[in-house]
Amino acid sequence: MAGWALSAAAQEAYTGPLFDAHLHYNDEACVHDAPAPGCPHPLPDVLARMQTSGVRAVLANSRPNDGTRALATAREQTRAAGVTVVPFVRIYRNRADYNNWFRDRTIVDLVQAELVKGTLAGPYRGLGEFHLYDSANANGPVARQLMALAEDKGLAILAHVDDVAIDLLMAHTPSKGQIDPPPGRPKAERGGDGFRLIWAHTGIGGTPVARVDELMARYPRLMGELSYRPGLTCEGGQLCPEWRTLLLKYPDRFLIGSDTWINQRWLSYGELMQGYRVWLGGLTADVARQIGWDNGARLFGVPTPKN
């Protein structure tokens, strides 16, 4: 029986594969050229946590990008763990970049250089996670360039922003966040569905559900990732009624994620994934499978695991 099989008391929880669409392997978890004390969570540790939790694919990004490359390079180890790595370019070299990236034009050079290099897991599939603590900075030249670049190359964006910034960022894409590119611009020739804006946490500070609904209706290319989402679950770890209604309305637009931005999140990785399994189990089987696995797998062209 798989290590993540459920106890008799929780047999109604979702038991299928999980796609972790917000995973960091930052230098707090492992500095990859350092001796053992500098790597509290080496590759065998993090892959074991994924495997035990039934996570079969991850959207990986890291500060700096060394952690993502380490995951993507370890092809034998990831294959043995049954985990597919979907690599993203993180636009942070260090913590100072969190507050300055949108005014630093060298960030665009960093991104373009990383895209050229790619990884042993294949080309990078997206950019981020990036943060905008002031939504007005979404109108800066770096944000404008990165949004246009992402759509042009069929890359996804993982953005930690408020609802105002969603409108601003989408305005900088050639399609303005709609499904089809404008006339004369070919669709990107990549596996999966190409450009999407993945909204980390589906809003910061508890964006009202009605506002999330409004933005989902406005932008077909917007997807919501649900880690750290205030008000998502109620009694017994099940979805609160308004969130259940929203997820049933847009079952193909939501993703789950661990957001392992600090080591405590790695230590509680199994509990985080089990929490998702509990509320996914409260949905219909097909919707649970969509949110837990299918949406991420479809977006990035990841094959469904056979076992």
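Criteria and thresholds
Residues numbered from 1 in each chain as written. Predicted model: local features only at pLDDT ≥ 70, side-chain atom pairs only at ≥ 80, totals over all residues. Heavy atoms only, no water. Salt bridge = Lys/Arg side-chain N within 4 Å of Asp/Glu carboxyl O. Pairing = 2+ DSSP bridges. Helix = DSSP H or I, 4+ residues; strand = E, 2+ residues; numbered from the N terminus. Contact = heavy atoms within 4.5 Å. Axes fitted to C-alpha atoms, helices over the stretch in contact; angles between N-to-C directions. Phe/Tyr/Trp six-rings, centres within 6.5 Å; stacked < 30°, edge-to-face > 60°. Buried < 20%, exposed > 50% of the residue type's maximum accessible area, 1.4 Å probe, protein only. Patch = residues over 30% accessible without salt bridge, like charges linked within 9 Å, V, L, I, M, F, W, Y side chains within 5 Å. Areas by Shrake-Rupley, 256 points an atom, 1.4 Å probe, with all protein chains shown as cover. Expected span 1.5 Å × (residues − 1). Arc of directions from axis to C-beta. Right-handed = clockwise from strand over helix to strand, strands pointing away.

Section: the pattern of salt bridges
Scanning all chains against the criterion turns up 18 salt bridges. When the shortest N-O distance is used, the salt bridge between Arg93 and Asp97 registers 2.9 Å. If you follow the salt bridges from partner to partner, you end up with Asp163, Asp167, Arg211, Glu214 and Arg218 in one network.

Describing the sheet that holds strand β7 (residues 222–225)
Across a sheet, paired strands are connected by hydrogen bonds in the backbone, their directions being either parallel or antiparallel. Ordered in space as β1-β2-β3-β4-β5-β6-β7-β8, the 8 strands form an open sheet in which the pairing is parallel. Since the sheet does not close on itself, it has two edges, and those belong to β1 (18–24) and β8 (254–255), each with one partner. By the bridge criterion, 3 bridges tie strand β6 (residues 197–199) to β7 in an arrangement that is parallel. Opposite Leu197, over in β7, you have Leu222 as the bridge partner. Each of β1, β2 (55–61) and β7 is contacted by helix α11 (residues 269–280), which is oriented at about 140 degrees to β1, the strand it contacts most.

So, the packing of aromatic side chains
By convention here, two paired aromatic rings are described through the distance between centres and the angle between planes. Overall, the coordinates contain 10 aromatic pairs when judged by the stated rule. Arranged with centres 6.2 Å apart and planes meeting at 20 degrees, the rings of Phe19 and Phe300 form a pair that is stacked. Here the residue Phe19 occupies a position in strand β1, and Phe300 occupies one in helix α12 (residues 285–300), the gap between them amounting to 281 residues. Accessibility classification places Phe19 together with Phe300 in one group, the buried group. Aromatic side chains Trp266 and Tyr269 sit 5.5 Å apart centroid to centroid with 20 degrees between the ring planes, which places their arrangement in the stacked category. Of the two residues examined, Trp266 and Tyr269, each falls in the buried class.

Section: the environment of Cys39
Tracing the backbone through its elements, the reader meets Cys39 in the loop between β1 and α1 (43–52). Cys39 sits 12 residues away from Asp27 along the chain, and the two C-alpha atoms are 8.1 Å apart. What Cys39 contacts, discounting residues up to four positions off in sequence, is Ala29, Cys30 and Val31.

Examining a nonpolar patch on the surface
A contiguous nonpolar patch, built from Tyr228, Trp261 and Ile262 and spanning about 280 Å² of accessible area, is present on the exposed surface. Mapped onto the secondary structure, Ile262 falls in the loop between β8 and α10 (263–267). For Ile262, a relative accessible area of 31% gives the class partly exposed.

Digging into unusual backbone geometry
Between Arg63 and Pro64 the backbone carries a cis peptide bond, its omega angle lying at -10 degrees. Within the fold, Pro64 resides in the loop between β2 and α2 (66–73). The backbone phi angle of Lys176 is positive, close to 60 degrees, even though this residue is not glycine. Take Lys176: its relative accessible area is 46%, and that puts it in the partly exposed class. For Tyr228, which is not glycine, the phi dihedral falls at a positive 60 degrees. According to the relative accessible area criterion, Tyr228 is partly exposed, its value standing at 42%.

Structural notes on helix α5 (residues 106–117)
Between its first and last C-alpha atoms α5 spans 17 Å; for 12 residues at 1.5 Å apiece the expected length is 16 Å, and the two agree. Looking at α5, one finds that the buried residues are Ile107, Val108, Leu110, Val111, Glu114 and Leu115. Projection of α5 onto a plane perpendicular to its axis shows the buried side chains occupying an angular sector of 160 degrees, all on one side. With respect to the buried face of α5, the exposed residues turned more than 90 degrees away are Val116 and Lys117. Residues of α5 that are buried in the fold lie against α2, β3 (84–89), α4 (97–100), β4 (126–131) and α6 (141–153). At the exit of α5 stands Gly118, carrying a positive phi of roughly 65 degrees.

Let's talk about the pairing of strand β5 (residues 156–160)
Of all the 5 residues making up β5, 5 are buried; the element is thus mostly covered by neighbouring parts of the structure. Taking every second residue as pointing to the same face, both faces of β5 are buried, with Ala156, Leu158 and His160 on one and Ile157 and Ala159 on the other. Pairing of β4 with β5, which is carried by 5 bridges, proceeds in the parallel orientation. Looking across to β5, one finds that His131 is bridged to His160. In this fold, β4 hands off to α6, which returns the chain to β5; that crossover is right-handed. As judged from the 3 bridges shared by β5 and β6, these two strands associate in the parallel manner. In the strand pairing of β6, Ile157 is matched with Leu197.

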